[in-house]
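Okay, here's what each chain looks like letter by letter:
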Amino acid sequence: MAHNFKRRNDPSVAQVLKELAGSINKVLDGAADLSTDVPGLSLYRNTAPSAPNPCTYEPSLLLIPQGKKRVDLGKQSYVFGESAFLLTSIELPIVSRVSVASVEKPYLAFFLKLDMGVVRDVLHTEEVRISAPAVGTRGMVLGEATVELLTPCLRMVRLLGAPQDVPFFGKLLHREIIYRLLQGPQGDRLRSVATMANQSYLTAKAVTWLRENFEKTLNVDELASMAGMSRSTLHHHFRGLTAMSPLQFQKQLRLHTARQNMLTQELDAASAAFAVGYESPSQFNREYKRFFGKPPMRDVQALRASL
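In this report, we go over the structure that sits alongside the text.

Some thoughts on the overall build of the protein
If you tally the helices and strands in the protein, you get 12 helices and 11 strands. Across its three principal directions, the C-alpha atoms of the protein cover 55 × 50 × 40 Å. Scored against the burial criterion, the 307 residues of the protein give a buried share of 49%. Put simply, the protein shows about 14900 Å² of open surface, and 51% of that area lies on carbon and sulfur atoms. One way to put it: in the protein the 37 positive side-chain charges average out to a point 6 Å from where the 28 negative ones average out.

Here you go:
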């Protein structure tokens, strides 16, 4: 199931996007990526479409002022760029690829990790009013960029030209971006995960536990009781938030981690399988090939060759 976002022709949004693209391009100066001095802010540039890249997205805002990206979460695909943004409210295993990029018009991205402590802090200020979230709110959503949201993002990139101002203005701009997101139609996504009494917050607790203990044998009843829910309620909310069941989520985390370990620690397939909790290397090989399209060692060799 694909979520495509149709662009509206708003000249003021187009102008800020053009300025944001120009500022990102200038800061990167030909580099492919940069972890900046502003906490949580990374910038990216590609001159060609990329291969699918399995990774994890933390709570974050992803804006692409030029080019397009495709992000797959479970069986759902999000295809977006320019006037659309991707908001992630909980750490999720995804597969991402740059789908539109060229030397003449490079893909340019603004990726900001969102501090959930700041989200809660902004929520506690009485000026912020947000509608109640829908039940089963997905932890990843596309939204339409506005001038109000894009402007602090542009100022954040321009701030990199004045390093002495980063400690002070970096925090203020982070808060302003979170405020704009909370005020927009997608604000309920952030609030539902940040608000402790909410079902999404309880589900997020289960997601966090699973992420930190994915190599352990999964007992869904224990996971549900830890989240203070029945098994069926947890299943419903977990699938609503992550587009996967707890078991599928655990499997993807195991496969992502095993792949990373083989790539960086030069483990063989069996060692990588045991390290992430598989008891049978043959089951690991089967599931790995089904998910990544190639057997483990062939996939890792192809990845190394492409680096």
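Some thoughts on the pattern of salt bridges
Enumeration over the complete set of coordinates arrives at 10 salt bridges. Between Glu176 and Arg155 there is a salt bridge, and its shortest N-O distance comes to 3.4 Å. Of this pair, Glu176 sits in helix H4 (residues 166–183) while Arg155 is found in helix H3 (residues 147–159), placing the two residues 21 residues apart along the sequence. Its relative accessible area of 25% is what places Glu176 among the partly exposed residues. Looking at Arg155, the relative accessible area reads 40%, which means it is partly exposed. Here Arg231 makes a salt bridge to Asp221, at a shortest N to O gap of 3.3 Å. Here Asp221 lies in helix H7 (residues 220–226) and Arg231 lies in helix H8 (residues 231–242), a separation of 10 residues in the sequence. Under the relative-accessibility criterion, Arg231 is labelled partly exposed at 42%. You can call Asp221 partly exposed: its relative accessible area is 44%. Taken together, the shared-partner salt bridges in this structure form one network comprising Arg70, Asp72 and Arg97.

Describing the environment of Phe291
With respect to the helices, strands and loops of the structure, Phe291 is situated in helix H11 (residues 281–292). Taking C-alpha positions, Phe291 is 34 Å from Ile178, a pair spaced 113 residues apart along the chain. Apart from the residues within four sequence positions on either side, Phe291 is in contact with Val95, Gln252, Leu255 and His256.

As for the environment of Asp268
Note on placement: Asp268 falls in the loop between helix H9 (246–265) and helix H10 (269–275). For the pair formed by Asp268 and Lys68, sequence separation is 200 residues and the distance between their alpha carbons is 35 Å. A distance of 2.8 Å separates the side chain of Asp268 from the backbone nitrogen of Ser271, its partner in a polar contact.

Points about the pairing of strand E6 (residues 68–73)
Note on strand geometry: in a regular strand, side chains alternate between the two faces of the sheet. With 5 bridges connecting them, E6 and strand E9 (residues 92–100) associate as antiparallel partners. Across the sheet, the residue bridging to Arg70 is Arg97, located in E9. By the bridge criterion, 5 bridges tie E6 to strand E7 (residues 76–80) in an arrangement that is antiparallel. What sits directly across from Asp72, in E7, is Ser77. Here E6 hands over to E7 after 2 residues, with Gly74 in that stretch at a positive phi of 60°.

Details of the environment of His256
Structurally, His256 is set in helix H9. Distance from His256 to Phe291, taken between C-alpha atoms, is 9.7 Å for residues 35 residues apart in sequence. What His256 contacts, discounting residues up to four positions off in sequence, is Pro54, Cys55, Pro93, Ile94, Phe291 and Phe292.

A word on the packing of aromatic side chains
Under the definition given, this model contains 7 aromatic pairs. Ring geometry for Phe291 versus Phe292: centroids 4.8 Å apart, planes at 80°, classification edge-to-face. Assessed through its relative accessible area of 14%, Phe292 is described here as buried. Connected via pairs of aromatic rings, a cluster forms that spans Tyr278, Phe284, Tyr288, Phe291 and Phe292. The aromatic ring of Tyr278 is capped on one face by Arg254, whose charged end is 5.6 Å from the ring centroid.

What to know about H8
Side chains of residues three or four places apart in an α-helix project in the same direction, reflecting 3.6 residues per turn. Across its 12 residues, H8 extends 16 Å between first and last C-alpha, which sits within 8% of the 16 Å expected from 1.5 Å per residue. Looking at the buried side of H8, the elements it contacts are E6, E9, helix H5 (187–194), helix H6 (199–212), H7 and H9. Count one or two residues on from H8 and you reach Ala243, which has phi positive near 65°.

Reading the values: rules and limits
Sequence positions are assigned chain by chain, starting from 1 and proceeding in written order. Where local features are concerned, this predicted model is filtered to residues with pLDDT of at least 70; where side-chain atom pairs are given and counted, the filter is 80 or more; whole-chain, interface and lining totals use all residues. Note that water and hydrogens are dropped before the side-chain values are worked out from all heavy atoms of the structure. Comment: elements are numbered from the N terminus, with helices defined as DSSP H or I runs of at least four residues and strands as E runs of at least two. Note on classification: 1.4 Å probe, protein chains only; a residue is buried when its accessible area is under 20% of the maximum for its type, exposed when over 50%, partly exposed between these limits. Here the accessible surface of atoms and residues is derived via Shrake-Rupley with a 1.4 Å probe, and residues count as covered only by protein chains that are part of the display. Neither His nor the chain ends is counted toward charge; the positive residues are Lys and Arg and the negative residues Asp and Glu. Every charge is mapped onto a representative atom, which is NZ of Lys, CZ of Arg, CG of Asp or CD of Glu. Salt bridges are defined by distance alone: a side-chain nitrogen of Lys or Arg within 4 Å of a carboxyl oxygen of Asp or Glu. Whether two residues touch is decided by their heavy atoms; if any such pair falls within 4.5 Å, the residues are in contact. Polar contact is defined as a pair of N or O atoms within 3.5 Å, subject to the rule that within protein one atom must be able to donate a hydrogen and the other to accept it, and that residues adjacent in sequence are counted only when both atoms are side-chain atoms. Paired strands, in this sense, are two strands between which DSSP finds at least two bridges. Within 6.5 Å between ring centres, the rings of Phe, Tyr and Trp (the latter by its six-membered ring) count as paired, and their orientation is classed by plane angle as stacked under 30 degrees, edge-to-face over 60, tilted in between. Two limits define a charge over a ring: the Lys NZ or Arg CZ must be within 6 Å of the ring centre, and within 35 degrees of the ring normal. How far a helix is expected to stretch is found by multiplying one less than its residue total by 1.5 Å.

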